[in-house]
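A structural walkthrough
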Number of protein chains: 2
Amino acid sequence: MLSFNEYLDMVNAAVAAIKYPAAPRGLYEPIAYTMSLGGKRIRPSLVLMACDAFGGNVTDAVAPAVGLELFHNFTLLHDDVMDKADIRRGKPTVHIKWNDNTAILSGDAMLTTATRYISKAPVPVMPEVMTLFNKTAMEIYEGQQYDMEFENRMDVREDEYLNMIRLKTSVLIGCACKMGAVIAGGDSNDASLLYRFGELIGLAFQLQDDLLDVYGDEKSFGKAIGGDIMNNKKTFMLIKALELSQGADRDELLSWINADNPDRAEKVAAVTKIYTHAGIREIAEKRISVYTEEALDTLAGINMTDEGKQAFRAFANMLMERKK
Amino acid sequence: MLSFNEYLDMVNAAVAAIKYPAAPRGLYEPIAYTMSLGGKRIRPSLVLMACDAFGGNVTDAVAPAVGLELFHNFTLLHDDVMDKADIRRGKPTVHIKWNDNTAILSGDAMLTTATRYISKAPVPVMPEVMTLFNKTAMEIYEGQQYDMEFENRMDVREDEYLNMIRLKTSVLIGCACKMGAVIAGGDSNDASLLYRFGELIGLAFQLQDDLLDVYGDEKSFGKAIGGDIMNNKKTFMLIKALELSQGADRDELLSWINADNPDRAEKVAAVTKIYTHAGIREIAEKRISVYTEEALDTLAGINMTDEGKQAFRAFANMLMERKK
């Protein structure tokens, strides 16, 4: 087994080696641009690590791993059009740098390119890999659909929110883990348990994102704190605060949500104070810790070498100690 | 072998039997709506006919055939967003009936749904079927990209145009023919020849579309004549007219192209007259006939039963005699 960063190096080399056709430039340049913006490359690294942990040939997993990263970046590209987001990883998004039509069509081409890479899985496991990938992709679209619908609702329940982030974020982490196991020819039950490990880590990861937007350190976080608060985004924090805050706190929270053009610093400070007062920080931290513990318990029950388990434990710890 | 209409009936039954998940409705209703609008269902019918002609089990080809029709309709859905088209098959397009975001996300889900259906090809041929499908999909995006780029160019050459329609329209007809042959386990060379037959028929089909927009009978055509002329669409007709018209005719053609808010009836009549004067109608008819003859010659060279060849000949004749 290698370290997570060594799998990451293999992924980065494989992503850098992707060959894009020269023409038409208007179709392929936006894909190359998107992939050049970087990112944590967590999902493809997990594919390689899972394949290795189950005794597979890591080389077999490289193309499908790249496919999963292409897919992830395709979803970001199209989400940025739908969310009218101007900046991604500190650079202009494709629909800003080019235009909406270019973003739509390049995204489509990126999805098919992702499918092509994933189709390079070894023939004996190809049907299972394709089934897993396509099912996951559908769930992610469902998650994005719910996320968009929640924007116009003030009555989003906690269970609805958790299901939305499970679909939009967690299933792809689970899919990455399982895909590596399947490519290695791992036992079907163990592969499913590793999927569950990834799914739980994904839930913890997204809740931590919600938490960091409020309580993160601006320098480490890499972007301005309070973006979710300013946008009234229905995060775990806001949903719990709407459920638990009372009296004057609740009235003030609602007035900030409905305020026209509020001062950013004032709104973020005031809403953060209400969250703190209602104990939302502790609730979120507790939930993150419960999901992480459940993930580690699931991992412990998998038939896998101690070295493999240690690698996934180290990954979970790394993710949970992140500041961004 | 069955008649083309009998394969079509099988396709229509299979399309009607597609099960869409109930939730989230905002994701799946636009897909069901798009598929309910009908269409000629040429591509999936060709998949079944080709499979049967090569002695395959037609049942094996039904799911991939439905997948190809889902894919075709996905491209129309996203093209309608990019082209800002309000009406498709006489009904409001998805981005008009819902909105752009719904059209983008439902389209993505439709592409993955198409891939899922195509993945149901029998396991032994699945890698080849997926490779063929993904390659074709990329070519179709390239065709749409060129089509959009041509809108802003007045110097589109005939060879560029023919390559664009080959990519945007013909390769999917070729792919449908070949996919059926591959699923049947047909000889690889024969499958490629049937691809070429489909590609040539596709070129003839698109040129006939260009011709019908000018010289078609409004009642049979099912939509108003002259839409391409009004939009200055770079069709075969306009490209040849820009190449071949001279003197006063050429000046008049350019002035109609640059006219602000011209009267529709006047512009269509004047441009049609210029086309007729430059002999564009005959040139287009000749080209259609050359492609059709080359397609039939290609068909004649395939190792296939006479009954099979007769079925594809009848299909080619049906397509070429159409008025819409």
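These numbers come from a predicted model, not from an experiment. (Residues numbered from 1 in each chain as written. Chains lettered and ligands numbered in written order. Predicted model: local features only at pLDDT ≥ 70, side-chain atom pairs only at ≥ 80, totals over all residues. Heavy atoms only, no water.)

1. A few points about the confidence of the model for chain A
In the predicted model, chain A carries a mean pLDDT of 96, and the fraction of residues at 70 or more is 99%. Here the prediction assigns the complex a pTM of 0.96, and the interface score ipTM is 0.96. (pLDDT = per-residue confidence, 0-100.)

2. Some points on the packing of aromatic side chains
If you walk through the whole model with that rule in mind, you get 14 aromatic pairs over all chains. Measuring from centroid to centroid gives 5.4 Å for Tyr33 of chain A and Trp98 of chain A, while their planes differ by 75 degrees, and the two rings are edge-to-face. Separated by 65 residues along the polypeptide, Tyr33 of chain A in helix α2 (residues 25-36) and Trp98 of chain A in the loop between α5 (94-97) and α6 (100-118) bring together distant segments of the chain. Between Phe197 of chain B and Phe312 of chain B the ring centres are 5.7 Å apart and the planes differ by 85 degrees, which places this aromatic pair in the edge-to-face class. You can see Phe197 of chain B sitting in helix α9 (residues 188-215) and its partner Phe312 of chain B sitting in helix α16 (residues 306-320), a full 115 residues away along the chain. We classify Phe197 of chain B as buried; its relative accessible area is 0%. Among the aromatic residues, those joined into a cluster by ring pairs are Phe71, Phe74, Phe133 and Tyr141 of chain A. Here the basic side chain of Lys120 of chain A rests over the ring of Tyr117 of chain A, its NZ or CZ set 4.1 Å away from the ring centre. Sitting over the ring of Trp98 of chain B, Lys97 of chain B keeps its end group 5.6 Å from the ring centre. (Phe/Tyr/Trp six-rings, centres within 6.5 Å; stacked < 30°, edge-to-face > 60°. Helix = DSSP H or I, 4+ residues; strand = E, 2+ residues; numbered from the N terminus. Buried < 20%, exposed > 50% of the residue type's maximum accessible area, 1.4 Å probe, protein only. Lys NZ or Arg CZ within 6 Å of the ring centre and 35° of its normal.)

3. With respect to the relation of the copies chain A and chain B
Aligned on chain B, chain A shows an RMSD of 0.0 Å; the corresponding rotation is 180 degrees and the shift along the axis is 0.0 Å. In the structure described here, the two chain copies are related by an operation that fits a two-fold rotation axis. The overlap is high: 100% of the interface residues of chain A also sit at the interface in chain B, so the same surface is used on both sides. (Least-squares fit on C-alpha atoms with pLDDT ≥ 70 in both. Contact = heavy atoms within 4.5 Å.)

4. Re the interface of chain A and chain B
Interface size is commonly expressed as the accessible surface area that is lost when the partners come together. Taken together, the 35 residues of chain A in the interface contact 35 residues of chain B. At the boundary of chain A with chain B, total buried surface from both sides reaches about 3,300 Å², with 69% on carbon and sulfur atoms. Ranking the residues of chain A by area buried against chain B places Met82, Leu105 and Met138 of chain A at the top, with a combined share of 17%. In this assembly, chain A and chain B are joined by zero salt bridges. Every element with two or more residues in the side of chain A that touches chain B is listed here: α2, α4 (58-82), α6 and α7 (126-151) of chain A. Here the side of chain A that touches chain B takes 14 residues from α7 of chain A, the largest share from any one element. When the residues that make up the side of chain A that touches chain B are grouped by side-chain class, the tally is 20 nonpolar, ten polar and five charged. (Buried area = accessible area lost by both parts, 1.4 Å probe. Salt bridge = Lys/Arg side-chain N within 4 Å of Asp/Glu carboxyl O. Nonpolar A, V, L, I, M, F, W, Y, C, P; charged D, E, K, R; others polar.)

5. Let's talk about the side chain of Thr112 of chain A
Relative to the helices and strands, Thr112 of chain A is located in helix α6. A polar side-chain atom of Thr112 of chain A sits 2.7 Å from a polar atom in the side chain of Tyr141 of chain B. (Polar contact = N/O pair within 3.5 Å; in protein donor to acceptor, adjacent residues only side chain to side chain.)

6. Here we look at unusual backbone geometry
Residues and elements named next belong to chain A. Between Ala23 and the following residue, Pro24, the backbone shows a cis peptide bond with an omega angle of -5 degrees. Within the element layout of this structure, Pro24 appears in the loop between α1 (4-16) and α2. The phi torsion at Asn261 lies on the positive side, around 45 degrees, for a residue other than glycine. Relative to the helices and strands, Asn261 is located in the loop between α13 (247-258) and α14 (264-277).

7. A closer look at the pattern of salt bridges
Residue and element names in this part refer to chain A. Counted under the stated rule, the structure contains 34 salt bridges over all chains. We note a salt bridge from Arg196 to Glu294, for which the minimum N-O separation is 3.5 Å. Taken together, the residues span a long stretch of sequence, with Arg196 in helix α9 (residues 188-215) and Glu294 in helix α15 (residues 280-300) at a distance of 98 residues. Among the residues examined, Arg196 registers a relative accessible area of 31% and is labelled partly exposed.

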